[in-house]
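# Structure at a glance
These are the residues of each chain, in order.
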Amino acid sequence: MSGSSAALQPPADAVKPVRHPDAPAPGELLGAHYEHCFGCGPGQPHGLHLEARAGEGVSLTAEFTVQPAHQGAPGLAHGGVLATALDETLGSLNWLLRTIAVTGRLETDFLRPVPVGTTLYLEAEVTAVAGRKIYCTATGRLGGPGGPLAVRADALFVEVKVDHFVDHGRQEEIQAVMNDPDQIRRTRAFEVNP
Ligand SMILES: CCCCC/C=C\C/C=C\C/C=C\C/C=C\CCCC(=O)SCCNC(=O)CCNC(=O)[C@H](O)C(C)(C)COP(=O)(O)OP(=O)(O)OC[C@H]1O[C@@H](n2cnc3c(N)ncnc32)[C@H](O)[C@@H]1OP(=O)(O)O
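Within each chain, residue numbers correspond to sequence positions counted from 1 in written order. Two thresholds apply to this predicted model, a pLDDT of at least 70 for residue-level local features and 80 or more for giving and counting side-chain atom pairs, whereas whole-chain, interface and lining totals are computed over all residues. Only hydrogens and water are set aside when side-chain values are computed; all heavy atoms of the structure are taken into account.

### With respect to a nonpolar patch on the surface
Together, Val 166, Met 178 and Ile 184 give the surface a local cluster of nonpolar side chains, amounting to about 220 Å² of exposed area. Secondary structure elements are taken from DSSP: a helix is a run of H or I of four residues or more, a strand is a run of E of two residues or more, and numbering for both begins at the N terminus. Inspection of the secondary structure puts Ile 184 in helix α5 (residues 181–188). Two distance rules govern patches: like charges are joined within 9 Å, and nonpolar side chains (Val, Leu, Ile, Met, Phe, Trp, Tyr) within 5 Å, applied only to residues with over 30% relative accessible area and no salt bridge. Each accessible area value is a Shrake-Rupley result obtained with a 1.4 Å probe; residue values ignore everything except the protein chains displayed when judging cover. Salt bridge criterion: a side-chain nitrogen from Lys or Arg within 4 Å of a carboxyl oxygen from Asp or Glu.

### As for empty space enclosed by the protein
Residues are called lining when one of their atoms sits within 4 Å of a cavity or pocket point, these points coming from a 1 Å grid over the protein atoms alone, where a cavity is a set in which a 1.4 Å probe fits but cannot get out and a pocket is an open set with protein on both sides within 12 Å along at least five of seven lines. Grid points are joined across faces, edges and corners, and a volume is the space filled by probe spheres set on the points. A complete count under the given rule lists one cavity of 30 Å³ or more for this structure. Within this model, the largest cavity holds a volume of roughly 40 Å³. In this structure, the largest cavity is lined by Leu 30, Gly 31, His 33, Cys 40, Leu 50, Ala 52, Glu 88, Ser 92 and Trp 95. The nonpolar class holds Ala, Val, Leu, Ile, Met, Phe, Trp, Tyr, Cys and Pro. Asp, Glu, Lys and Arg form the charged class, and all remaining residues, Gly among them, are polar. Here the residues of the lining of the largest cavity sort into five nonpolar, three polar and one charged.

### Observations concerning the UniProt feature "domain: Thioesterase" (unreviewed entry) in the protein
UniProt tags residues 75–141 as "domain: Thioesterase" (unreviewed entry). End C-alpha to end C-alpha, residues 75–141 measures 18 Å, and it is 25% helix and 46% strand. UniProt positions are given in the numbering used here, feature names are shortened, and annotations may be inferred rather than shown by experiment.

### Considerations on the site of the ligand
In this text, near means that some heavy atom of the residue lies within 4 Å of the molecule or strand in question. For the ligand, the set of nearby residues contains 24 residues, the closest of which are Asp 87, Thr 103, Gly 104, Arg 132 and Lys 133. Thr 103 is positioned such that a nitrogen or oxygen atom in its backbone is 3.1 Å from a nitrogen atom of the ligand. Looking at which element gives the most residues to the shell around the ligand, the answer is strand β3 (residues 101–110), with five residues. Here the shell around the ligand is built from residues that sort into eleven nonpolar, eight polar and five charged. By the criterion applied in these results, polar contacts are pairs of N or O atoms within 3.5 Å in which, for protein atoms, one can donate a hydrogen and the other can accept it, and in which residues neighboring in sequence qualify only through two side-chain atoms.

### Some thoughts on the pattern of salt bridges
By the definition in use, this model includes seven salt bridges. One salt bridge in this structure joins Glu 172 and Arg 170, with 3.7 Å as the shortest N-O distance. Classification of Arg 170 as exposed rests on a relative accessible area of 54%. When the shortest N-O distance is used, the salt bridge between Arg 170 and Glu 173 registers 2.6 Å. If you follow the salt bridges from partner to partner, you end up with Asp 109, Arg 152 and Asp 154 in one network. Burial classification: accessible surface area is computed with a 1.4 Å probe over protein chains only, and a residue below 20% of its type maximum counts as buried, one above 50% as exposed, and the rest as partly exposed.

Here you go:
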């Protein structure tokens, strides 16, 4: 059974999402938002190394190949890792809205087992926006964009200021990103009003 709970139904005053005029062009690789992100960072040896590409409107596609380090049962991806892949894909939609937002709620359906070595083809789109609340949905298919549906998710992201990270993150990592001009540039790419 699938479908989202009442908490993920957009309210009556929700509006359609608007792609930011400075969003990356359709087809463009989005890159990692943070070097050490478990979902997309190139600096995480056992991370997912998920690569997302801008789509039309407020949508994107992403790919992730399941590695031996991602197992739950023998030879199969851990469900939490698959949820992470969905979460990361949905989080990447922030690039297209130029909004910094974090996951408030994530509801996941696991429809088929995903073997190690499989490439999961993910798609995500924002469906509605209500104030700071961003409603979005994602799917993951096996072996190709038209392959069998393995996982899906609906989520609510909540817009935050960059202070969210500065206030709550560990000092060590926050200081390191503050000193990294590339990270400041990446963070700016999420902000409508830097
Ligand atoms: C200079 C250093 C910067 C470095 C930064 C580097 C990069 C930054 C750039 C981008 C990175 C951004 C994201 C990362 C991208 C991808 C990774 C994947 C995404 C994640 O993995 S991200 C981590 C997991 N995530 C969290 O770590 C969130 C923990 N959490 C909180 O921090 C708070 O909980 C928060 C902020 C969510 C809300 O708190 P808040 O106080 O701001 O707002 P409030 O509670 O008022 O909620 C406002 C309205 O959302 C509704 N609402 C809230 N939560 C709800 C729920 N669960 N269900 C249903 N509705 C909910 C309320 O009901 C209300 O609705 P209404 O307005 O109608 O009353």
